[in-house]
Amino acid sequence: DTNYIALSGILSTLRSQGQKPQPPVNLLGDFGGGGLICAFGILLALIERQKSGRGQVVDAAMVDGAAYLASTMVKAWSVGAW
């Protein structure tokens, strides 16, 4: 989990001023970046199958998912709101 959020660039934001990053338990990479994004992809694939009758390939990368989920936090941090 720590490797995924480090590769996504999010780990560096999970720290206090002058401190080392504090990795979250497994919520950001495993559950959020992997599980949540994969479940969302599966639901969208099911909707598309219902509409078109064709199956879909679901590509859910944990690094991309973690970066996507943290984008709101990073935006708030960049404008001084975090």
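## Regarding the overall build of the chain
Stage number 1. Along the backbone of the chain there are four helices and zero strands.
Stage number 2. Counting from the amino terminus, the chain carries its helices and strands in the arrangement α-α-α-α.
Stage number 3. Computed over C-alpha atoms, the radius of gyration of the chain comes to 16 Å, more than 25% over the 12 Å expected from 2.2 N^0.38 for 82 residues, which places it beyond the range of a compact globule.
Stage number 4. Along the three orthogonal principal directions, the C-alpha set of the chain runs to about 55 × 25 × 15 Å.
Stage number 5. Counting all 82 residues of the chain, 23% fall into the buried class.
Stage number 6. Excluding contacts between residues fewer than 6 apart, the proportion of contacts in the chain whose partners are at least 24 apart in sequence is 56%.

## A closer look at helix 3 (residues 62–69)
Stage number 1. Where helix 3 is concerned, the buried positions are M62, G65 and A66. End-on, the buried residues of helix 3 take up no more than an arc of 100 degrees, which puts them together on one face. Helix 3 presents D64 and Y68 as exposed residues on the side facing more than 90 degrees away from its buried surface.
Stage number 2. Where helix 3 is buried, its residues touch helix 1 (2–7) and helix 2 (27–52).

Quick notes on the rules
Residues numbered from 1 in each chain as written. Predicted model: local features only at pLDDT ≥ 70, side-chain atom pairs only at ≥ 80, totals over all residues. Heavy atoms only, no water. Helix = DSSP H or I, 4+ residues; strand = E, 2+ residues; numbered from the N terminus. Rg over C-alpha atoms; globule rule 2.2 N^0.38 Å. Buried < 20%, exposed > 50% of the residue type's maximum accessible area, 1.4 Å probe, protein only. Contact = heavy atoms within 4.5 Å. Arc of directions from axis to C-beta.

Honestly, that's just the spatial picture; any functional story needs more than this.
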